Amino acid sequence: MDLPLIKKIPELKIGNIEIYPPLLLAPLAEITDVYLRPILKKMGGVGLAVTEMVSSEGLTRGNKQTIEMLDFKDEERPISVQIYGANPVRMADAAAMAEEAGADIIDINFGCPAKKIIRGKSGVALMKDTNLAENIIKDVVKAVKVPVTVKTRLGWNSTDLNYIEFGKMAENAGAAMITLHARTGKQHYSFEPKREAWDELAKAVKIPVIANGDIKIPEDVQWVFENTECRGAMIGRAALKNPFIFRIIYAKIIGEIYRPTKKDIGKYFLEYYESIKANPDQKFVIHKLRIMGGWLSHGFKNGNQFRRRISSLTEDASFIDAILEFFELEELDVAE
Ligand SMILES: Cc1cc2nc3c(=O)[nH]c(=O)nc-3n(C[C@H](O)[C@H](O)[C@H](O)COP(=O)(O)O)c2cc1C
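Residues numbered from 1 in each chain as written. Predicted model: local features only at pLDDT ≥ 70, side-chain atom pairs only at ≥ 80, totals over all residues.

Undergrad: Can you break down the overall build of the chain residue by residue, with the values?
TA: Assigned secondary structure in the chain consists of 16 helices and 11 strands. Computed over its C-alpha atoms, the radius of gyration of the chain comes to 20 Å, within 12% of the 20 Å expected for a compact globule of 336 residues. For the chain, the spread of C-alpha atoms along the principal axes amounts to about 55 × 55 × 35 Å. In the chain, which comprises 336 residues, the proportion classed as buried is 47%. Considering only contacts within the chain whose residues lie at least 6 apart along the sequence, 69% involve residues at least 24 apart. (Helix = DSSP H or I, 4+ residues; strand = E, 2+ residues; numbered from the N terminus. Rg over C-alpha atoms; globule rule 2.2 N^0.38 Å. Buried ≥ 20, exposed ≤ 12 C-beta atoms within 10 Å, placed from the backbone. Contact = placed C-beta atoms within 7 Å.)

Undergrad: Go over the domain arrangement of the chain, please, and point to the residues and values.
TA: Each domain of the chain was delimited in the assignment, giving domain 1 (12-254) and domain 2 (262-335). Inter-centroid distance (C-alpha atoms) of domain 1 to domain 2 is 28 Å. Every contact between the two is made by 9 residues of domain 1 and, on the other side, 10 residues of domain 2. Here the side of domain 1 that touches domain 2 is composed, by residue class, of 7 nonpolar, no polar and 2 charged. (Domains from an automatic or database assignment. Nonpolar A, V, L, I, M, F, W, Y, C, P; charged D, E, K, R; others polar.)

Undergrad: Outline unusual backbone geometry, supporting the account with residue identities and numerical values.
TA: Omega for the bond connecting Tyr 20 with Pro 21 falls within 30 degrees of zero, at -10 degrees, which places this linkage in the cis form. Note that Pro 21 resides in the loop between strand 2 (17-19) and strand 3 (23-25). Look at the link from Arg 77 to Pro 78: it is a cis peptide, with omega at -5 degrees. Within the fold, Pro 78 resides in the loop between helix 3 (64-68) and strand 6 (79-84). Notably, Glu 30 is not glycine yet its phi reads approximately 70 degrees, a positive angle.

Undergrad: Would you mind going over the environment of Thr 130 in detail, with residue names and values included?
TA: In this structure, Thr 130 sits in helix 6 (residues 130-143). For the pair Thr 130 and Met 169, spaced 39 residues apart in sequence, the C-alpha separation works out to 8.0 Å. Look past the residues within four positions of Thr 130 in its chain and what remains in contact with it is Phe 166 and Met 169.

Undergrad: A description of helix 7 (residues 163-173) should follow, citing residues and the corresponding values.
TA: Listed as buried for helix 7 are Tyr 163, Phe 166, Gly 167 and Ala 170. Buried residues of helix 7, seen end-on, are gathered within an arc of 100 degrees and therefore sit on one face of the element. Turning to helix 7, the residues buried within the fold contact helix 6, strand 8 (148-152), strand 9 (178-181) and helix 8 (196-204). Backbone geometry just downstream of helix 7 places Gly 174 in the positive-phi region, at approximately 115 degrees. (Arc of directions from axis to C-beta.)

Undergrad: Go over the packing of helix 13 (residues 282-296) against helix 14 (residues 303-311) with me, naming the residues and quoting the values.
TA: It is the contact of helix 13 with helix 14, at a shortest axis distance of 9 Å, that shows an interaxial angle of 175 degrees. On the basis of their axis angle, the class for helix 13 and helix 14 is roughly antiparallel. Of helix 14, the residues touching helix 13 (which contributes Leu 289, Arg 290, Gly 293 and Gly 294) are Phe 306, Arg 307, Ile 310 and Ser 311. Here the residues of the contact of helix 13 with helix 14 are counted per class, giving 3 nonpolar, 3 polar and 2 charged. (Axes fitted to C-alpha atoms, helices over the stretch in contact; angles between N-to-C directions. Parallel < 35°, antiparallel > 145°, perpendicular 65-115°, else oblique.)

Undergrad: Lay out the site of the ligand with the relevant residues and their values.
TA: The full set close to the ligand counts 22 residues, and Ala 26, Ala 29, Met 53, Gly 236 and Arg 237 are the nearest of them. Its residues assigned to classes, the shell around the ligand comprises 11 nonpolar, 7 polar and 4 charged. (Near = placed C-beta within 6 Å.)

Undergrad: Any chance you could break down the pairing of strand 8 for me, citing the residues and the numbers?
TA: Buried residues dominate strand 8, accounting for 5 of its 5 residues. Along strand 8, one buried face is formed by Val 148, Val 150 and Thr 152 and the opposite face, lined by Thr 149 and Lys 151, is buried too. Note: strand 7 (residues 105-110) against strand 8, 5 bridges, orientation parallel. In the sheet register, Asp 107 faces strand 8, and the bridge partner there is Thr 149. As judged from the 3 bridges shared by strand 8 and strand 9, these two strands associate in the parallel manner. Residue pairing in the sheet places Lys 151 in a bridge with Thr 179 of strand 9. Handedness of the crossover joining strand 8 and strand 9 through helix 7 is recorded here as right-handed. (Pairing = 2+ DSSP bridges. Right-handed = clockwise from strand over helix to strand, strands pointing away.)

Undergrad: Which residues make up helix 13, and what are the values?
TA: Here helix 13 is 15 residues long and its end C-alpha atoms lie 21 Å apart, about the 21 Å a rise of 1.5 Å per residue gives. The complete set of buried residues in helix 13 reads Lys 288, Leu 289, Met 292, Gly 293 and Leu 296. Down the axis of helix 13, the sector holding all buried residues measures 135 degrees, keeping them to one side. Along helix 13, exposed side chains directed more than 90 degrees from the buried face belong to Lys 283 and Phe 284. (Expected span 1.5 Å × (residues − 1).)

Undergrad: Outline the nonpolar core, supporting the account with residue identities and numerical values.
TA: Core analysis: the biggest nonpolar cluster contains 109 residues, and Ile 83, Ile 106, Ile 137, Val 140, Trp 198, Ile 235 and Phe 246 have the highest contact counts within it. In terms of residue count, the dominant contributor to this core is helix 11 (residues 245-254) (7 residues). Here this core spans two domains, and each of domain 1 (12-254) and domain 2 (262-335) adds at least three residues to it. Discounting chain neighbours no more than four positions away, the residues touching Phe 246 are Leu 23, Leu 40, Met 43, Gly 44, Gly 45, Val 46, Ile 235 and Ala 239. (Core = buried A, V, L, I, M, F, W, Y, C linked by C-beta atoms within 7 Å.)

This is how it looks when you write it as structure tokens:
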């Protein structure tokens, strides 16, 4: 039988932490939380998970909800906590809080283009202010013992593609790894990523560079590993539509084939439900289930009907019925 293998596997070390396989779960706000990450990690294939971005202002001002975002489970390790903000002192204090909470790695967000974030001069807005970005990296590095990594884009917009200078600056300031989402801030999440930028940056710095942006199938990972000097690939949205993507890619690394079914996705959704229902806030649970249901039903026949149905549900019990029906699960499957 023809086993399409991914043969070239780069070595990824962040500081002294070895990451294997070199496949990273992207930070996704409201999604890669303490309920979801352990489930994805358990499936296999996720070498490193990054938390959703955590506000340094929220952390250092004692916001309860923000502090709860530092919650993680031991089985998730190694875990990277991503922080954002524009004040070097607060960023350093926030990093120390994350380290104290047990983070193995601190990641700094220099890529978020959301209005709320760039209005506060954080996220990708910092790619326009490299002096401030440099101070933030230096202060965060000084404040913690764990490795500090950064996540960037190509630049603020297409006339200001400063990813190479920014990457070199980050390396000199003490960053231990750079993830490059190969789009500009202005491009948000559409437009073709500039794939050649991954290799350009990987060749320009000594620290590991991770490729990110529209990596959706095993062949995309294979392309990165064979055609660039990147040490890893980070996947975001593809893992939301197909949570088995890491497992599928990992199977290709170890010479197996893994083919999940629609039922498997339904079971995964139920497992997520079981995990998130531990949160006492029913509104929060329903909100999260709607987000997850939206992603997981993409690409399936009648997915839009399912999304409409769950958008009007207000009780989690009725969610279970909707999930069982849409993913064609028997009650028995759930107990298996
Ligand atoms: C819903 C959503 C939330 C995101 N939240 C974050 C975040 O908190 N921090 C961050 O650095 N990037 C965030 N991103 C960007 C992703 O980490 C990733 O860089 C981007 O989606 C491109 O990768 P992909 O094509 O594999 O999704 C987010 C993206 C989406 C779609």
